[in-house]
Amino acid sequence: MTTTPRYLDVHVLQTVPFANLNRDDLGSPKSLVYGGATRTRVSSQCWKRVVRLDVERAIGDPAVRTRRVPAEVAARLQGRGWTEDAALAAGAQIALSANKKEGLKLEDKGGTSVLLYLPKAALDALADLAEQHREAIEQTVGVKRPKSVLPVEEVAAVLSERNGVINLFGRMLAELPGAGVDGVVQVAHAFTTHEVAPEIDFFTAVDDCLPEDAVGSGHMNSAEFSAGVFYRYASLDLNGLSKNLGGDAAMARELTGEFLRAFVSSLPTGKQTSSAANTLPDLVHVAVRSDRPISFAAAFEAPVRPEHGIAAPSRRQLAHHAGRLEKLWGTTGVVHRGYACVDDKPLDGLGAPVDSFAELIDGAVTAAHRETSA
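Worth saying up front: this structure is predicted, and the values here are computed from it rather than measured. (Residues numbered from 1 in each chain as written. Predicted model: local features only at pLDDT ≥ 70, side-chain atom pairs only at ≥ 80, totals over all residues. Heavy atoms only, no water.)

Trainee: Looking at this structure, I do not really get the overall build of the chain. What am I missing?
Mentor: Counting secondary structure elements, the chain contains eleven helices and twelve strands. Taken over the C-alpha atoms alone, the chain extends approximately 80 × 75 × 35 Å along its principal axes. In the chain, the proportion of contacts linking residues at least 24 apart, taken out of those at least 6 apart, comes to 75%. For the chain, the accessible surface area stands at approximately 18,900 Å², while carbon and sulfur atoms represent 50% of it. Once the 40 positive and 46 negative side-chain charges of the chain are each reduced to a mean point, those two points are 7 Å apart. (Helix = DSSP H or I, 4+ residues; strand = E, 2+ residues; numbered from the N terminus. Contact = heavy atoms within 4.5 Å. Areas by Shrake-Rupley, 256 points an atom, 1.4 Å probe, with all protein chains shown as cover. Lys, Arg positive; Asp, Glu negative; His and termini not counted. Charge placed at Lys NZ, Arg CZ, Asp CG, Glu CD.)

Trainee: Is there a simple way to think about the nonpolar core in this case?
Mentor: Side chains of a nonpolar character, in soluble globular proteins, are inclined to be buried together. Among the nonpolar cores identified, the biggest contains 49 residues, and Leu-8 and Leu-168 are the most heavily contacted of them. Ranked by residue count, the leading element in this core is helix α9 (residues 249–265), at seven residues. In contact with Leu-8, not counting residues within four places along its chain, are Ala-234, Ser-235, Leu-236, Leu-238, Thr-256, Leu-260, Val-286, Ala-287, Val-288, Ala-364 and Ala-368. (Core = buried A, V, L, I, M, F, W, Y, C linked by side-chain atoms within 4.5 Å. Buried < 20%, exposed > 50% of the residue type's maximum accessible area, 1.4 Å probe, protein only.)

Trainee: I'm lost on the packing of helix α2 (residues 69–79) against helix α4 (residues 121–132) in this one. Help?
Mentor: A pair of packed helices is captured by two measures, namely the crossing angle of their axes and the spacing between those axes. One can describe the packing of α2 onto α4 by two numbers: an axis separation of 9 Å at closest approach and a directional angle of 65 degrees. Here α2 and α4 pass one another in a crossing that is right-handed. Between α2 and α4, the contacting residues are Val-69, Glu-72, Val-73, Arg-76 and Leu-77 on the first element and Leu-123, Asp-124, Leu-126, Ala-127, Ala-130 and Glu-131 on the second. Taken together, the residues that form the contact of α2 with α4 break down as seven nonpolar, no polar and four charged. (Axes fitted to C-alpha atoms, helices over the stretch in contact; angles between N-to-C directions. Left-handed = near helix turned anticlockwise from the far one by under 90°. Nonpolar A, V, L, I, M, F, W, Y, C, P; charged D, E, K, R; others polar.)

Trainee: Explanation requested: helix α1 (residues 44–59) in the structure shown.
Mentor: Between its first and last C-alpha, α1 extends 22 Å over 16 residues, near the 22 Å set by a 1.5 Å rise per residue. Three or more residues of α1 are buried, namely Ser-44, Cys-46, Trp-47, Val-50, Val-51, Arg-52, Val-55 and Glu-56. Positive phi shows up at Gly-60, right after α1, with a value of about 70 degrees. (Expected span 1.5 Å × (residues − 1).)

Trainee: For this particular structure, what's the right way to read helix α11 (residues 357–368)?
Mentor: A turn of α-helix holds 3.6 residues, and therefore any two residues three or four places apart point the same way. With twelve residues, α11 extends 16 Å from end C-alpha to end C-alpha; this agrees with the ideal 16 Å at 1.5 Å per step. Those residues of α11 lying buried are Leu-360, Ile-361, Ala-364, Val-365, Ala-367 and Ala-368. Looking down the long axis of α11, one finds its buried residues gathered within 165 degrees of arc, a one-sided arrangement. Packed against the buried residues of α11 are β1 (7–19), α8 (238–244), α9, β10 (283–289) and β11 (334–341). (Arc of directions from axis to C-beta.)

Trainee: How do you make sense of the side chain of Ser-314 when you look at a structure like this?
Mentor: Its place among the elements puts Ser-314 in helix α10 (residues 311–329). Not counting residues within four places of it along the chain, the set of residues in contact with Ser-314 comprises Leu-13, Thr-193, Val-229, Phe-300 and Val-304.

Trainee: Would you mind showing me how to read the packing of aromatic side chains here?
Mentor: Aromatic rings considered in pairs are described by the distance between their centres and by the relative angle of their planes. Applying the stated criterion across every chain, the model contains six aromatic pairs. Feature note: the residues Tyr-34, Phe-191, Tyr-231 and Phe-300 constitute an aromatic cluster, connected by ring pairs. Here Arg-65 stacks its cationic end above the ring of Tyr-117, 4.1 Å away from the centre of that ring. Above the face of the Phe-263 ring, Arg-232 is positioned so that its terminal group lies 4.4 Å from the ring centre. (Phe/Tyr/Trp six-rings, centres within 6.5 Å; stacked < 30°, edge-to-face > 60°. Lys NZ or Arg CZ within 6 Å of the ring centre and 35° of its normal.)

Put into structure tokens, the structure is as follows:
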């Protein structure tokens, strides 16, 4: 079996105190039933978004997912001196000229019917393109059903641009042939390693301007929260990332490192102003593999029971499960593995321990891109 790095798996155990990082339509913490026990859950979409935003900040190249591309282009043109009507017409032209059929459909408020996902810098590029065709665009002002006046190939090319996070997380856009990007990151829904019953917090707010003889509160309500030890898992397809980047080894290495750092350090923002659940992981295990991604979620199919807390037995259970899988599956597909943890006592089954998350990430990135690091 080849030992060429193909996948990078990252496993995290993180203790989160009283919080509601990701709520459902009723405001309750999201949940799932696993192993016959109800757990608190944080959706993959929720955690993936904060990871994406952290990666964008790190590489300094943000992307936007929005229906408001026409409005964003119009705002830029108005800032350059265009009249409001002409700027709005230009924004509409971007949608009309997006493909050779009928363009992208516009909704009543002027937004596109589909979410577009593109580098933020592409919005300026679209405004620049409109500038080049200003006279033709201004002639469409007031026309009820204007025809496309922008070059379709150039508009489609800008809308199809990609940057680091798009190469990582992918993009689906059927309306623009060739604009789709296969995502190379898989993120699992985080869930507690143990059974959880959400708690109801009844609260009141004081009205500071009540008359002196008035009693009672200005507002009262209730909210749901929970606490627990979360298992988080993600996998990065190293070959897919290289393909998306056209073989740019330096960018692949940078994105791998920034993705790992963001996944380890990020936290969803739900209800954080009222809970401040700003914890760090208790344990992070990273494996570079040549065979296939492997999740350790089954380690917690039987919910962990308290033993002077949940965190320590969760760490032991993860290590035990990893060791058992190692015996069942073998280690020929393991290129590199290691872990960093709050425990002083070593945990068998997770590879070599290191002192810090930074050291763990650096070692994994070097192993993942060892053929290009020389």
